[in-house]
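Each chain is listed here by its residues.
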Amino acid sequence: MRERSPIHPTAFRGALSPLNVAAYLTWAVLAWSAAHAFVRSGRALDAQVLLGAAGSLAVLALFVWRDRSGASGAARAVRQQRLIVAQIPCALLACWGLRDGLQPILLVLVAAQLAAVRGPRAIVAWLLPANLALGVILAMRYGWRVDVAISLAAMAGFQAFAALCAGYAAAAERARDAALQAQAQLQAAQVLLAEGARGDERLRLSRELHDVAGHKLTALKLHLALAVRHHAGDETLQLCRQLADELLQEVRAVVGTLRRDEGIDLRSAIAALALPLAGAGPRIELRLDEQVHVADLQRAQTLLRCAQEGLTNALRHSGARRVRIGLRDDAGGLELCVEDDGRGPGDAAPGHGLTGMRERLAALGGRLDFGPAASGGTLLRVRVPPP
């Protein structure tokens, strides 16, 4: 099986996500069990118990720290993996110091976290030596007996079950996010195509009216003028000539209206891009100037792709709770802004998406700025000059 690349553990996203709450409750039960067992034993505090308690607390601290890691992109994924792996020796220390028999469950939590960010080979590579170390701890406490091996095998089975459940949950969330983004992109592309097709149809109709109806009406007008000269007193012919003049003027007015291109309504395309993602992640706010119409399809496509890239970065990497998309028109051209309240770009290098956007904008004489926002999140600003 191919190893998955480091990604954000979506299944554990958010402090109050179901898996996080379950982990907190599990740790609370383990802490209560250890304290209860210590009180019942009537023993005095010794260094081993204190070290075991410190190990259990360290597991909790690393778990919370992992969820609140402030880095972004690939750096954040690597940092989270290190914090997850660092929980293993802390869990083993808790198993050695707190002798209530339940502390090995901490390794089940570690297995679930690893499954959300890495593939099966990495999980086995980290948990196999951890279980061997756990076997040595149990053997030192209870002796080399068959029931120790059975307990160790059962705990390994729990770890595998937790890893599979967490891995499938993370894969399902990634698939859902990918499907929502694909749906959003498809709907936005459909809106742009409809706008472009509408403009082409208006141009075709204006040409047909001008070339066919205008030509025939002009010929009819000339023949009626000739008939009126031969029959000067015929009021019916004069009325027909007047009606033909008025109809020709109205046809020319309709042709002029159809040829008056107001541009492409980019607002509808951006709204279609954001609609499928509403409620599936951060709150999306649209601040789109109603007067904005893009002159040509190429500019509209470029701006739409920039909005899509900014929204995708906010959903995948920033951990934002709110994303704001703004579009306005001023004397210097069109300006598109995508701002979120997440962690900010940090020192992450621009990816292929931003590089491609800069190349598209360069062909139009535009500019793309990407960096930290004044609110602490990430700001993507695009400016496209008038055609």
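Cut-offs applied
Residues numbered from 1 in each chain as written. Predicted model: local features only at pLDDT ≥ 70, side-chain atom pairs only at ≥ 80, totals over all residues. Heavy atoms only, no water. Helix = DSSP H or I, 4+ residues; strand = E, 2+ residues; numbered from the N terminus. Buried < 20%, exposed > 50% of the residue type's maximum accessible area, 1.4 Å probe, protein only. Contact = heavy atoms within 4.5 Å. Areas by Shrake-Rupley, 256 points an atom, 1.4 Å probe, with all protein chains shown as cover. Pairing = 2+ DSSP bridges. Axes fitted to C-alpha atoms, helices over the stretch in contact; angles between N-to-C directions. Salt bridge = Lys/Arg side-chain N within 4 Å of Asp/Glu carboxyl O. Patch = residues over 30% accessible without salt bridge, like charges linked within 9 Å, V, L, I, M, F, W, Y side chains within 5 Å. Phe/Tyr/Trp six-rings, centres within 6.5 Å; stacked < 30°, edge-to-face > 60°. pLDDT = per-residue confidence, 0-100. Parallel < 35°, antiparallel > 145°, perpendicular 65-115°, else oblique. Core = buried A, V, L, I, M, F, W, Y, C linked by side-chain atoms within 4.5 Å.

**Student:** What am I meant to see in the overall build of the protein chain here?
**Tutor:** When you go through the protein chain residue by residue, the secondary structure sums to ten helices and five strands. Considering the protein chain as a whole, with its 387 residues, one finds that 41% of them fall into the buried category. The long-range fraction of contacts in the protein chain, counting pairs at least 24 apart against all pairs at least 6 apart in sequence, stands at 74%. About 20900 Å² of surface is accessible on the protein chain, with carbon and sulfur atoms providing 62% of the total.

**Student:** Any chance you could explain the pairing of strand β2 (residues 322-330) here in plain terms?
**Tutor:** If a strand is regular, its side chains alternate between the two faces of the sheet. As defined by bridge partners, strand β1 (residues 283-288) adjoins β2 across six bridges and the pair is classed as parallel. When the sheet's bridge partners are listed, leucine 288 is paired in β2 with leucine 327. Pairing of β2 with strand β3 (residues 333-340), which is carried by eight bridges, proceeds in the antiparallel orientation. Looking at β3, one finds that aspartate 330 is bridged to glycine 333.

**Student:** I tried to follow the environment of proline 129 on my own but got confused; where do I start?
**Tutor:** Inspection of the secondary structure puts proline 129 in helix α5 (residues 120-142). Sequence separation of proline 129 and isoleucine 88 is 41 residues, and the distance between their C-alpha atoms is 9.9 Å.

**Student:** Just checking my understanding: could you explain the sheet that holds β3 for this structure?
**Tutor:** Hydrogen bonds between backbone atoms are what pair the strands of a sheet, whose relative direction is either parallel or antiparallel. Ordered in space as β1-β2-β3-β5-β4, the five strands form an open sheet in which the pairing is mixed. Either end of the sheet is taken by a strand with one partner, and the two such strands are β1 and β4 (367-372). Neighbour-to-neighbour, the strand axes of the sheet open up by a mean angle of 10 degrees, direction not taken into account.

**Student:** Explain the pattern of salt bridges to me, please; I cannot follow it from the model alone.
**Tutor:** When the charged atoms of two side chains with opposite charge come close together, those side chains can pair. With the rule as written, the count across this model stands at eight salt bridges. Linking glutamate 335 and arginine 328 is a salt bridge whose minimum nitrogen-to-oxygen distance equals 3.0 Å. By relative accessible area, arginine 328 is classed as partly exposed at 38%. Ionic pairing is found between aspartate 369 and arginine 367, a salt bridge with its closest N-O pair at 3.2 Å. Each of Arg283, Glu285, Arg287 and Arg324 takes part in a single network of salt bridges with overlapping partners.

**Student:** It is not clear to me how a nonpolar patch on the surface should be interpreted in this structure. Could you clarify?
**Tutor:** On the surface, a cluster of nonpolar side chains totalling about 650 Å² of accessible area is made up of Leu51, Leu93, Trp96, Val136, Met140 and Trp144. Of all elements in the fold, only α3 (73-97) and α5 reach the threshold of two or more residues within the nonpolar patch. Residue position: leucine 93 is located in helix α3.

**Student:** Hey, could you run me through the environment of leucine 380 in this one?
**Tutor:** Here leucine 380 shows up in strand β5 (residues 378-384). According to the relative accessible area criterion, leucine 380 is buried, its value standing at 2%. As a C-alpha pair, leucine 380 and leucine 354 span 26 residues in sequence and 9.6 Å in three-dimensional space. Filtering out sequence-adjacent residues up to four positions away, leucine 380 remains in contact with Cys306, Gly310, Leu336, Cys337, Val338, Leu354, Leu368, Asp369 and Phe370.

**Student:** Just to check I follow, could you spell out the packing of aromatic side chains for this structure?
**Tutor:** The geometry of two aromatic rings is summed up by the distance between their centres and the angle between their planes. Tallying each qualifying case throughout the model produces one aromatic pair. Centre to centre, the rings of tyrosine 24 and phenylalanine 63 are 5.5 Å apart; their planes meet at 80 degrees, and the pair counts as edge-to-face. Taken together, the residues tyrosine 24 in helix α1 (residues 18-41) and phenylalanine 63 in helix α2 (residues 47-67) connect sequence positions 39 residues apart. With a relative accessible area of 5%, phenylalanine 63 lands in the buried category.

**Student:** Please clarify how the confidence of the model for the protein chain should be interpreted in this entry.
**Tutor:** Per-residue confidence for the protein chain averages 77 on the pLDDT scale, and 79% of its residues sit at or above 70. Predicted confidence is poor over residues 1-11, with pLDDT under 50, and the contacts of this stretch with residues over four places away or in other chains come to 38 contacts.

**Student:** What should I look at first to understand the environment of aspartate 289 in this one?
**Tutor:** Note on placement: aspartate 289 falls in the loop between β1 and α9 (297-318). Residues aspartate 289 and leucine 327, spaced 38 residues apart in sequence, show a C-alpha to C-alpha distance of 5.9 Å. The contact partners of aspartate 289, leaving out residues within four places of it in the chain, are Arg267, Leu327, Arg328 and Asp329.

**Student:** Help me out: how do you make sense of the packing of helix α4 (residues 105-117) against α5 in this one?
**Tutor:** Packed helices, taken two at a time, are described by the angle between their axes plus the distance between the axes. Remark: α4 packs on α5, axes separated minimally by 10 Å, with the N-to-C direction vectors making an angle of 170 degrees. Taken together, α4 and α5 sit at an angle that is classed as roughly antiparallel. Where α4 approaches α5, its residues Leu107, Val110, Ala111, Leu114 and Ala115 are matched on the opposing element by Ile123, Trp126, Leu127, Ala130 and Leu134.

**Student:** Please explain the nonpolar core as it appears in this structure.
**Tutor:** Soluble globular proteins tend to pack their nonpolar side chains together in the buried interior. If you look at the biggest cluster of nonpolar residues, it comprises 38 residues, and the most contacted ones within it are Ile88, Leu106, Leu107, Leu114, Leu127 and Leu134. Looking at this core, the elements that each hand over two or more residues are α1, α2, α3, α4, α5 and α6 (146-230). Looking at this core, the element that brings in the most residues is α4, giving eleven residues. With residues near it in sequence (within four places) discarded, leucine 107 still touches Ile88, Ala91, Leu92, Ala130, Leu134 and Gln159. Counting 34 residues, the second largest nonpolar core, distinct from the first, contains Leu273, Leu304, Cys306 and Val384.

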